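Structural features, examined
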Amino acid sequence: MRLEIGNFQVKDVVFGEKTMFSNGVLSINKEEAMAFIKEDEHITELDIVIAKPGENTRIVPVKEAAEPRIRPDDRPVFPGVTGDVESAGSGRVHALKGCSVLGVGMHYGSFGDGLIDMGGEGAKYTLFSQLINICIVADTDEEFERFEQQKKNTAIRMATHRFAEYLGTAVKNLEPEEIETFELDPVTKRTEEVNKLPSVVLVMQPQSQMEELGYNDLVYGWDMNKYVPTFMHPNEVLDGALISGSFMPSSSKWSTYDFQNFPTIRELYKEHGKSINFLGVIMSNLNVSLEQKHRSAIFVAQMAKSLGADGAIVTEEGYGNPDADYILCLAALEDVGVKTVGISNECTGRDGASQPLVTLDEKANALVSTGNVSQLIELPPADKVIGELQALARDGLSGGWAYDEILGASVREDGSIIMENNAMFCGDRIPGWSTKTMKEF
């Protein structure tokens, strides 16, 4: 499979008379864009706001992020979601780089929603502070979703994907500034030189624990709670086959933007044919019962062994219960002779003294941590808030709270904040973006 991503670097985003891209500037006709988004009758209130790096702007509650893209051949950017189910991973897609579409709640925050600071101390905690963010700030008629801890505003998330594709039309018929090519020969058809290199597979564990359908990540529009581990081409991941639907605490999540740009896949591609033979992706899952977790670990290990993998990278979305799937998978791979490295965050408590993962195994002896979800973060007031700051001041939002006997309110009267890292939108950057390091005391 050969995938070409034609890149257009966005230097600025403005509102204008026409939605178009020229000389690095994405111009958006706001009235037409809002009319397009409001074609979904569940959107009851709407604004579109542009947030740029370095601004003293706070965005909360953030629900989803996607990179604007379009296919010149008219296939859907997110098959099974923004159009019919069609194969992803081959052909040409055009991408607007350096920006994202954010789905933001105008009112209320759900359990998995998060915060982005575009400048100041908070900017270092999330990748999205470095992007120009085109924010869909909306409310919906989904009354039943507003106050339930693990619910989400589905309409806002779906609007994010639709609007990302809508903005992509601005570059549909333009010639890209750069074309990235991603191509792997079939596993059994590779050259002798490549086959002599250590073979490596990437095992991804997207969130799929909610038995109630519609609250998990989607693959080709299909709820991953119904999914079993499957061998996938890495191009499918980079090309819109997966979208975020996770209810996990925000810092642990993989947004759709993360799937579209998954850094670990990109790094494995860079080393393919040089230091490794990149076999592809075993797309696993995260499960509810212990029996299901064992079964998935068996599937993953069997596939990796059958593919001839010498090594594997395993990465999980979330923490807590998913740690059991993660460690079982690592151990099962080691049991069949596949050397493994794990990438995840950890939950060591606010004091850093708790066990980092819910379960551990001596075989999981090469682990990369992307940070502690419970780390306390204090942020000064922002000049501007996009969304609703008080969304963080409710016990239903991960990382924030209404009132704590020791720490007081999560949102103070002057607009400053104390919260757990949990509330940083995709803050742990588990797909491979993480810039965190470790200090010894």
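Everything in this summary refers to the structure shown in the same document. Because the structure is a prediction, the values reported are computed rather than measured.

Next up on the list: the pattern of salt bridges. Counted under the stated rule, the structure contains 24 salt bridges. Of the charged contacts, one joins E67 and K97 as a salt bridge, the two residues approaching to 3.0 Å between their closest N and O atoms. With E67 in the loop between β6 (57-66) and β7 (69-70) and K97 in strand β8 (residues 91-97), this pair connects stretches of sequence that are 30 residues apart. Across the pair, K97 and E67 agree in class, each one buried. Within the structure, one salt-bridge network assembled from shared partners comprises R2, E4, R92 and E183.

For the rest of this paragraph, the subject is the side chain of S284. As for its position among the elements, S284 is in the loop between β18 (277-283) and α8 (290-307). Judged by its relative accessible area of 1%, S284 is buried. Dropping the residues within four chain positions of it, S284 is found in contact with V203, M204, Q205, P206, M224, Y227, P229, S296 and V300.

Here we take up the packing of α8 against helix α9 (residues 322-335). At a minimum axis separation of 8 Å, α8 and α9 run at an interaxial angle of 35°. Handedness of the crossing formed by α8 with α9: right-handed. Residue-level inspection shows L290, K293, H294, A297, V300, A301 and A304 of α8 in contact with α9, the latter providing A324, D325, L328, C329, A332 and L333. Looking at the contact of α8 with α9 residue by residue, the classes come out as 10 nonpolar, one polar and two charged.

A few words now on the sheet that holds strand β13 (residues 199-205). On the basis of which strands lie adjacent, the open sheet formed by six strands has the order β16-β18-β13-β19-β20-β21 and mixed pairing. Lying at the two open borders of the sheet, with one neighbouring strand each, are β16 (230-232) and β21 (367-372). Strand-to-strand, the axes of this sheet are offset by a mean angle of 20°, without reference to chain direction. Direction of pairing for strand β20 (residues 339-346) relative to β21: parallel, over a ladder of four bridges. Counterpart to I343 in the pairing with β21 is V368. On the sheet, helix α7 (residues 263-271) packs against β13, β18, β19 (311-316) and β20 and is oriented at approximately 170° with respect to β13.

With that settled, the discussion passes to the pairing of β19. When a strand is regular, its side chains alternate between the sheet's two faces. With six of six residues buried, β19 is to be regarded as a mostly interior element. On β19, burial covers both faces: G311, I313 and T315 on one face and A312, V314 and E316 on the other are all buried. As paired strands, β13 and β19 are joined by six bridges and run parallel to one another. Paired with V201 across the bridge in β19 is A312.

Turning to the packing of aromatic side chains, a few remarks are in order. By the definition in use, this model includes 12 aromatic pairs. Seen in terms of ring centroids, F36 and Y166 are 4.6 Å apart; in terms of plane orientation they differ by 25°. Their pairing is stacked. A residue pair is termed long-range when its members are at least 10 positions apart, and F36 in helix α1 (residues 30-37) and Y166 in helix α3 (residues 154-168) qualify at 130 residues. An identical accessibility class is assigned to F36 and Y166; each is buried. Between F128 and F425 the ring centres are 5.3 Å apart and the planes differ by 55°, which places this aromatic pair in the tilted class. One end of the pair, F128, is in the loop between β10 (114-117) and β11 (132-140); the other, F425, is in the segment after β24 (417-420), and 297 residues separate them in sequence. Judged by its relative accessible area of 1%, F128 is buried. Taken together, the ring pairs connect F128, Y257, F425 and W433 into an aromatic cluster. Sitting over the ring of F36, R162 keeps its end group 4.3 Å from the ring centre. Its end group placed over the ring of W401, R350 keeps NZ or CZ at 4.8 Å from the ring centre.

This paragraph deals with unusual backbone geometry. Omega for the bond connecting V60 with P61 falls within 30 degrees of zero, at -5°, which places this linkage in the cis form. Within the secondary structure, P61 is located in strand β6. If you check the backbone angles, Y220 has positive phi at about 50° while not being a glycine. Looking at the element boundaries, Y220 is found in the loop between β14 (218-219) and β15 (222-223). Exposure remark for Y220: the relative accessible area of 19% places this residue in the buried category. Phi is positive for C426, close to 50°, though the residue is something other than glycine. Checked against the element boundaries, C426 lands in the segment after β24.

Reading the values: the criteria
Residues numbered from 1 in each chain as written. Predicted model: local features only at pLDDT ≥ 70, side-chain atom pairs only at ≥ 80, totals over all residues. Heavy atoms only, no water. Salt bridge = Lys/Arg side-chain N within 4 Å of Asp/Glu carboxyl O. Helix = DSSP H or I, 4+ residues; strand = E, 2+ residues; numbered from the N terminus. Buried < 20%, exposed > 50% of the residue type's maximum accessible area, 1.4 Å probe, protein only. Contact = heavy atoms within 4.5 Å. Axes fitted to C-alpha atoms, helices over the stretch in contact; angles between N-to-C directions. Left-handed = near helix turned anticlockwise from the far one by under 90°. Nonpolar A, V, L, I, M, F, W, Y, C, P; charged D, E, K, R; others polar. Pairing = 2+ DSSP bridges. Phe/Tyr/Trp six-rings, centres within 6.5 Å; stacked < 30°, edge-to-face > 60°. Lys NZ or Arg CZ within 6 Å of the ring centre and 35° of its normal.

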